[in-house]
Each structure stands twice: as structure tokens, then as C-alpha cells.
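Examination of the molecular architecture
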Amino acid sequence: MSSPIDGRVRLEDLPLREDLRGLTPYGAPQAPLPVALNVNENTHPVPEEVADDILDGIALALREVNRYPDREFTALREGFADYLGHGLERDQIWAANGSNEVLQHLLQAFAGPGRCAFGFGPTYSMYPLLTRATGAEYVSGTREPDYTVSPESAASQIADADPDVVFLCAPNNPTGTPLSLEVIESVYEAARGVVIVDEAYQEFAPREERSALTLLPGRERLVVSRTMSKAFAFAGARVGYLAADPGVIDALRLVRLPYHLSALTQAAATAALRHAPTMLGMVDEIVAQRDRISATLDALGYTPFESWTNFVLFSGVDDPGATWQGLYDRGVLIRDVGIPHSLRVTAGTEEESTAFLEALAAL
Ligand code: PMP
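Computed from a prediction, not measured in an experiment: that's the story for all the values here.

1. Notes on the overall build of the protein chain
The helix and strand inventory of the protein chain stands at 12 helices and 12 strands. A compact globule built from 363 residues should have a C-alpha radius of gyration of about 21 Å, and the protein chain, at 21 Å, falls within 12% of that. Dimensions along the principal axes, computed over C-alpha positions, put the protein chain at roughly 55 × 55 × 50 Å. For the protein chain, the proportion of its 363 residues judged to be buried stands at 53%. Counting contacts in the protein chain only where the partners sit at least 6 residues apart, residues at least 24 apart contribute 72% of the total. Carbon and sulfur atoms make up 52% of the accessible area of the protein chain, which totals about 16,500 Å². Here the protein chain holds 28 positive side-chain charges and 50 negative ones, and the gap between their average locations is 7 Å.

Following this line, the structure appears as C-alpha cells:
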């Protein structure tokens, strides 16, 4: 094995798994710019009174941190069941360090070598990475030019690919596109594998819209995953969760690491959930900024796509790399998601959204 000058062995010189060779890790830039609208966080900080309560919870947990935490994170699962409603119970809930880890657990249990997972592209960039890391193959399906998927097309693509795991990102990242319950039902009928509805952005959808949680009864292969990273303003705490049949939860116990959710994480998330309405207090304001961004982009001559999330994908960008850099140089970080002539921006506070719109108009 040859070591180059900097002392770091090259990946190709390591006995790395063949199927990992040539892959690129997740790498959204983390630049310390004043206006960071690139990874769909909630840019509003946790409200003061909630932060105090969370700190109290963490302080209590710290006194017992010499012991392993509750492996079944019972209080937290009860908190999520209460928050989600729909008659869900604790034994239908699972949680992990971010919904990325929730998805990883699902893939470890239901994908793996010789199996295949499927998503309608363009969709969340971690689906292929997480899938391949379990040794499974990832198949990308297609959407209409406006990024919607019809129930008929979805069902026929699933029938052709015959996947073990299906990802339905609802609403979809990076396009913001809503997904109707009809599509979810038709995919579930067409699939023999596990169907994961990733509702990471569900809280930003119109209030009257039904969640895929309403489809859970009688569908034991259906899983609805959620996160505290977006609407809940809790990205740094790393907490994601899902609702499914209790049997699915048993399958996940086979693959998780023992005590995977730290006592501090459990305490913080349980306390935050007690304040769910306050934590979600900024959702309406974010939705208003999202709609303002879309309207202004339209007025500036770009084409924003319909979004039920906290971000907007817009096309009509001649040179996305140059526009991205121009904004960067003005202190505004957004995301080039690799879709031709398009960029994605997160809806921030009113000031951040204004900074983005003004910088773009000035380019
Ligand atoms: N699903 C989707 C669609 C996402 O956009 C993200 C984060 N960008 C995640 C899951 C994972 O989020 P987290 O691990 O922070 O819960």
C-alpha cells in the first residue's frame, strides 16, 4: 500500500468493499455564511421558554448518564404517538438519530445484498447512498416534467422494477412536489415490498391535507417516516421517527445498535415534544416566506415549482453554478441540486428571504 505525502492512504489502496468504490459521500457545503438557506433547516432558533425546559430535562438525564439509557426510549415513543395522533400507540413508533438513521434501519432490515430499493427521481439524494451502503441496488424511476407522478405511472413503474423497498418522498425533496394519497395507495397495491412514505416536510403542507398516517390501518408494509429536523427546529439534536405496524418495529430491533438513542437525546426530544405547538409556531411564517419567495421568483422571470415544503426549487437559471457563486459571494448560501437550469432555496426568516431575493435580483 502506497501512502501519499500527506500521510493519508488513498481509498483505492484500501481493502474497501467493491460496491462502495467510486461512490461520493453526502456533501452539502457547510460554509459559515450569514444567510444559510441550503439544507432546508428551520432557521428560527428554539424559543427561549422551550430551551429552558429542554435544559432541565437534559440536566436530569445527566445525573444518570453513568447508566445506559432506556433502550426502548419509552417516554419518547409515547410523545411521538401523542403528537402524531390518528390513534397511534407507542408500539407503532420507532425513532433514531435523524430520519436518515430511521431510513437506514429500514434498509438494513428490508434491503441488503441481492435486494433493491426504488425512488421516483429526482428525489432525496440519501436514498441511493443509504441503499447502497446496505449492499442493495437502487433503481430510479421517473416523474412528469413538472415532477408529479400519476397513480397509473407509479404503479406500472413499481410493477416493472419489483423492488423490496419503495421510497415515496411526500412532499418531495428537492422539488417540493406534493404526492397524493391515491399515488401512495396505488404504489402499495402494486408493490410486494415495504413502502416508505418520507414525510420529512409534512408540517409545511396545507393543514387540511391528509397525511399518509391515515393509510396505515390494514397496511402492514406501509411505513411513514418523519423528522424533528425541519418544522420542529431541532436539526442539531438529530431526531427522526416513524409510524408503522408493531411487527415492522420488531424487525428494526434486529438491526439497530443497542442503546442507539442517547439519554440526552431522549430527554431533549421528549421535552421539546411537550412544547410541540410552540416549537411549530414558526411554520405559518415559514410557509408565508416560501410563498413570497415563489411569487418573487416568478416576477423575476424564473419558474418556481409548486412546493408544500419549506423550500422552493426554481428553474430558468441559465448557469446555476454562476448564480450559486454570485449569491455565495453576497453571503447567501443556497443549493445546486444538480437539476439542469435549476436551484433550490430554503425559506428562511423574513430578513433571510429578503436577503436572498435582493441578492438574486442584483445578479
Ligand atoms: N428525508 C428527507 C426528504 C430530507 O430532506 C431529509 C433531510 N434533508 C431527511 C429525510 C433526513 O433528515 P434528518 O436525518 O435530519 O431527520
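2. Concerning the nonpolar core
Counting residues in each nonpolar core, the largest one holds 105 residues, and the members touching the most others are Leu-106, Met-228, Phe-234, Phe-314, Ile-334 and Phe-356. Residue contributions to this core reach at least three from each of two domains, namely domain 1 (28-46 + 278-362) and domain 2 (48-274). With residues near it in sequence (within four places) discarded, Phe-234 still touches Val-46, Ile-54, Met-228, Ser-229, Val-239, Ala-268, Ala-269, Ala-272 and Met-279.

3. A short note on the domain arrangement of the protein chain
Domain annotation for the protein chain reports domain 1 (28-46 + 278-362) and domain 2 (48-274). Computed over C-alpha atoms, the centres of domain 1 and domain 2 are 25 Å apart. At the junction of the two partners, domain 1 supplies 25 residues and domain 2 supplies 33 residues. Across the domain 1 to domain 2 interface the summed buried area is about 2,400 Å²; carbon plus sulfur atoms make up 67%. As a salt-bridge pair, Asp-284 and Arg-207 come within 2.9 Å of each other at their nearest N and O atoms. In this structure, the connection of domain 1 to domain 2 is made through eight residue pairs in polar contact (both at pLDDT 80 or more).

4. Remarks on the sheet that holds strand E7 (residues 222-227)
If you walk across this open sheet you meet the seven strands as E2-E8-E7-E6-E5-E3-E4, and the pairing is mixed. Strand pairing shows two members of the sheet lacking a second neighbour, strand E2 (93-96) and strand E4 (137-141), which therefore form its edges. The average undirected angle you get between the axes of adjacent strands in this sheet is 25 degrees. With four bridges joining them, E7 and strand E8 (residues 240-243) adopt antiparallel strand pairing. Looking at E8, one finds that Thr-227 is bridged to Gly-240. Seen against the sheet, helix H3 (residues 99-110) touches E2, strand E3 (116-120), strand E5 (165-169), strand E6 (194-198), E7 and E8 and runs at an angle of roughly 155 degrees to E7.

5. Section: the sheet that holds strand E12 (residues 342-346)
Spatially, E9-E10-E12 is the arrangement adopted by the three strands of the open sheet, whose pairing is antiparallel. Of all the strands in the sheet, just strand E9 (303-304) and E12 have a single pairing partner and so form its edges. Pairing of E9 with strand E10 (residues 311-315) involves two bridges; the strand directions are antiparallel. Looking at E10, one finds that Thr-303 is bridged to Ser-315.

6. A closer look at the packing of helix H5 (residues 151-161) against helix H6 (residues 181-190)
In the contact formed by H5 and H6, the axes pass within 8 Å of each other and the chain directions differ by 25 degrees. Comparing their axes, H6 and H5 come out roughly parallel. Our pair here, H5 against H6, has a crossing hand that is right-handed. Of the residues in H6, those in contact with Pro-151, Ala-154, Ala-155 and Ile-158 of H5 are Glu-182, Val-183, Ser-186, Val-187 and Ala-190. Looking at the contact of H5 with H6 residue by residue, the class counts come to seven nonpolar, one polar and one charged.

7. Examining the side chain of Glu-352
Within the secondary structure, Glu-352 sits in helix H12 (residues 350-362). No salt bridge is formed by the buried Glu-352. Its closest oppositely charged neighbour is Arg-292, at 9.7 Å. At a separation of 2.8 Å, a polar atom in the side chain of Glu-352 contacts the main-chain amide nitrogen of Thr-349. Sequence-distant contacts of Glu-352, defined by excluding residues within four places in its chain, comprise Val-35, Leu-37 and Thr-43.

8. Quick notes on the environment of Ala-133
Of note, Ala-133 is situated in helix H4 (residues 126-133). Assessed through its relative accessible area of 41%, Ala-133 is described here as partly exposed. Through-space distance from the C-alpha of Ala-133 to that of Leu-103 is 12 Å; in sequence the pair is 30 residues apart. In this view, Ala-133 contacts Arg-17 and Leu-20; residues no more than four positions away in its chain are not counted.

9. What to know about the site of the ligand
Near the ligand, the surroundings consist of 13 residues, among which Ser-99, Asp-198, Tyr-201, Thr-227 and Ser-229 are the closest. Within the side chain of Thr-227, one N or O atom sits 2.6 Å away from an oxygen atom of the ligand. A distance of 3.0 Å is found between a nitrogen atom of the ligand and a side-chain nitrogen or oxygen belonging to Lys-230. Considering only residue class, the shell around the ligand consists of four nonpolar, six polar and three charged.

Thresholds applied
Residues numbered from 1 in each chain as written. Predicted model: local features only at pLDDT ≥ 70, side-chain atom pairs only at ≥ 80, totals over all residues. Heavy atoms only, no water. Helix = DSSP H or I, 4+ residues; strand = E, 2+ residues; numbered from the N terminus. Rg over C-alpha atoms; globule rule 2.2 N^0.38 Å. Buried < 20%, exposed > 50% of the residue type's maximum accessible area, 1.4 Å probe, protein only. Contact = heavy atoms within 4.5 Å. Areas by Shrake-Rupley, 256 points an atom, 1.4 Å probe, with all protein chains shown as cover. Lys, Arg positive; Asp, Glu negative; His and termini not counted. Charge placed at Lys NZ, Arg CZ, Asp CG, Glu CD. Core = buried A, V, L, I, M, F, W, Y, C linked by side-chain atoms within 4.5 Å. Domains from an automatic or database assignment. Buried area = accessible area lost by both parts, 1.4 Å probe. Salt bridge = Lys/Arg side-chain N within 4 Å of Asp/Glu carboxyl O. Polar contact = N/O pair within 3.5 Å; in protein donor to acceptor, adjacent residues only side chain to side chain. Pairing = 2+ DSSP bridges. Axes fitted to C-alpha atoms, helices over the stretch in contact; angles between N-to-C directions. Parallel < 35°, antiparallel > 145°, perpendicular 65-115°, else oblique. Left-handed = near helix turned anticlockwise from the far one by under 90°. Nonpolar A, V, L, I, M, F, W, Y, C, P; charged D, E, K, R; others polar. Near = heavy atom within 4 Å.

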